[in-house]
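Here is how the chains run, residue by residue.
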Amino acid sequence: MRVVRAMVAGWAIHFKQESRNPFFLWIVICTPLIYATMAYFLFRGGTEGPTLVAAAIGTGVMGIWSLTTTAAAAALQQRRRMGILELLVAAPLPFWAVLAPITIAISALGVYSLAASLLYTRLLFGVSVGIEDWVAFVVAVPVSIASIGMLGFMFAAAFIRFRGAWAVGNLFEFPVWTICGLLIPIAVLPAWVEPISWVFAPTWGMNALRDAALGSGSPWGAIAMCVALSVVYGALGALLLRIFLRSARNRGTLALT
Amino acid sequence: MRRRLRIFAIGGFLSYRALFGWLNPYLFVIILLVPSVTQILFFAYLGRAAGVEDDTFYVVGNAVVAAAVPGLFGMADTITDERYTHTLSLLVVSPASRLALFLGRAAPVAVNGAVVAAFAFTVGSLILDVTVPASAFLPLVVTVLVTAFSCTGLGIVNASLGLRWRESALLSNLLLYFLLLAAGVNVPLDLLPGWLSTIAQGLPVTHGVEAARGLVAGDSLADVAPLLGAELLVGLAYATVGLFLVRLFEVEARRGATLELA
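Attention in this report is confined to the structure presented alongside it. The shown structure was predicted, so the numbers you read here are calculated from the model rather than taken from an experiment. (Residues numbered from 1 in each chain as written. Chains lettered and ligands numbered in written order. Predicted model: local features only at pLDDT ≥ 70, side-chain atom pairs only at ≥ 80, totals over all residues.)

What follows concerns the nonpolar core. Core analysis: the biggest nonpolar cluster contains 167 residues, and Ala 156 of chain A together with Val 64, Ala 67, Leu 72, Ala 117, Leu 179 and Val 205 of chain B have the highest contact counts within it. In contact with Leu 72 of chain B, other than residues within four places in its own chain, are Cys 151, Leu 154, Gly 155, Asn 158, Ser 172, Leu 175 and Leu 176 of chain B. (Core = buried A, V, L, I, M, F, W, Y, C linked by C-beta atoms within 7 Å. Buried ≥ 20, exposed ≤ 12 C-beta atoms within 10 Å, placed from the backbone. Contact = placed C-beta atoms within 7 Å.)

Next comes the structure, spelled out in structure tokens:
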């Protein structure tokens, strides 16, 4: 119970704090706007492609991923630079319960991304954004965001040894945009890509949101996959943290970049 | 004159190396080289999905715009990193020629942009099986160099704004996004609204990309010379405005004692 309370409080305070970061806000709002505009011109000019509503949702998820892959991966580095990493590690709370709310709070900023993308598509391009299954959509949004945040948590743990963790995380921006079906239908990609996309939460988050919005299938399977992947990312991230933190404490390198 | 050349060459070289996490080259690979290729793949498959243009269009467009990344971000970072390391005031108070100082920092960044673009072009073409006529290689090198210079011109404007605005990384991202959208890199200019394609004529990259596409399609260097001239002119205009703004904002910052606060 103590851990849950600390995680909720940690999430709330970091969400408020990161919501005041102009760089983060502009990235989550501008990324979908630029890519939604690009998709609008490309898919209207082309002869095939997903519907613009799916593209709007896809660009929203792209914004979530864009911020998560960079900012969440660098979350530990940022604490180290602020000089509070040792204090956080020394706290009686398990360290994963400190770090996970930070990365989930960062990806939760993506809710602005999703809203901006849908509003922009509706207001500027006049594309009607109807949601077929509101219940599933309302469930899918937080579940998708949380699963992407947990992937960010695993990245943060995995890249703890890299001084340029944000840059290592950033390496995954375009590949995940490409293979997870956010804007590009998976059918266009080589067949061997699809199984790889299954291990990334944005794939299932996108499927859940798209199916809930368009009614193109049941979104509940994808929502369940998001939950399952969150648990896997959490377990792997916690394990990696344990290994790296023990190593850093043994060598006395926790505060070193 | 000798002192100016020294500031230009040695100062520029050290500043360039400092951009990569204090002399660590692995950041060069993961920040510039790998993303330039993954970006090409993303847009090539997006183009296939939309059925708008072929792979060649996206390989050439995104390889050329890869020259913009070092120009935009690198130039802005030369200001923000100085502020971060608390050396900006020392730099501003020094009697060094601002022209030599900033051109010295711009030159390696422009060459870097050209190298990244060449890498992206080569790897993107190999992966997506895009054929480039052998006769186009040298003219393409010229095109990429001209475009890298022109992007660095915009980068100097971006850097000057860093004297007034703390969030220069944000501005760099916005400028890059705008180039991706409006400079004919990923969306053909005839699919954009008229006002946007008109703005594109004043952006770096627009003419360079068009010239590169012409060369890959079989045009000669003479055929694309007017486009390269336009690209060069755009770059010169941005560089001139940028150097003027650096001077202006520096004087204003000294007057208001806001150099470290922006």
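Text resumes after the structure shown.
On to the interface of chain A and chain B, then. Across the contact, 31 residues belong to chain A and 29 residues belong to chain B. The set of elements that each furnish at least two residues to the side of chain A that touches chain B consists of α2 (22-45), α9 (165-170) and α10 (173-179) of chain A. Here the side of chain A that touches chain B gets twelve residues from one element, more than from any other, and that element is α2 of chain A. (Helix = DSSP H or I, 4+ residues; strand = E, 2+ residues; numbered from the N terminus.)

Attention now goes to the environment of Trp 11 of chain A. Residue and element names in this part refer to chain A. Here Trp 11 shows up in helix α1 (residues 2-18). For Trp 11, a count of 19 C-beta atoms within 10 Å corresponds to the partly exposed category. Sequence separation of Trp 11 and Leu 241 is 230 residues, and the distance between their C-alpha atoms is 19 Å. Ignoring any residue separated from it by four or fewer positions in sequence, one finds Trp 11 in contact with Pro 101, Ile 104 and Ala 105.

Another aspect to go through is the environment of Phe 125 of chain A. Residues and elements named next belong to chain A. Summarising the element assignment, Phe 125 is placed in helix α7 (residues 110-125). Under the C-beta neighbour-count criterion, Phe 125 is labelled partly exposed, with 15 such atoms within 10 Å. For the pair Phe 125 and Gly 205, spaced 80 residues apart in the sequence, the C-alpha separation amounts to 25 Å.

With that settled, consider the environment of Phe 137 of chain A. Residue and element names in this part refer to chain A. As for its position among the elements, Phe 137 is in helix α8 (residues 134-158). Given 18 C-beta atoms within a 10 Å radius, Phe 137 is considered partly exposed. When the C-alpha atoms of Phe 137 and Ile 148 are compared, they prove to be 16 Å apart, with eleven residues separating the residues in sequence. Non-local contacts of Phe 137, meaning those with residues more than four positions away in its chain, are made with Ile 131, Leu 209, Ala 212 and Ala 213.

Turning next to the packing of α8 of chain A against helix α13 (residues 220-251) of chain A. All names here are of chain A. It is at 8 Å that the axes of α8 and α13 come closest, and there the two elements cross at 20°. On the basis of their axis angle, the class for α8 and α13 is roughly parallel. Considering the relative orientation of α8 and α13, their crossing is left-handed. Looking at the contact of α8 with α13 residue by residue, the class counts come to 21 nonpolar, five polar and no charged. (Axes fitted to C-alpha atoms, helices over the stretch in contact; angles between N-to-C directions. Parallel < 35°, antiparallel > 145°, perpendicular 65-115°, else oblique. Left-handed = near helix turned anticlockwise from the far one by under 90°. Nonpolar A, V, L, I, M, F, W, Y, C, P; charged D, E, K, R; others polar.)

So, on to unusual backbone geometry. Note on backbone geometry: most residues besides glycine have negative phi, and most peptide bonds are trans. Residues and elements named next belong to chain B. Phi is positive for Asp 129, close to 55°, though the residue is something other than glycine. Tracing the sequence through the fold places Asp 129 in the loop between α6 (98-128) and α7 (137-161). Residues other than glycine seldom take positive phi values, yet Val 205 does so here, at roughly 85°. In this fold, Val 205 is placed in the loop between α9 (194-200) and α10 (206-216).

Keep in mind these values describe shape, not function.
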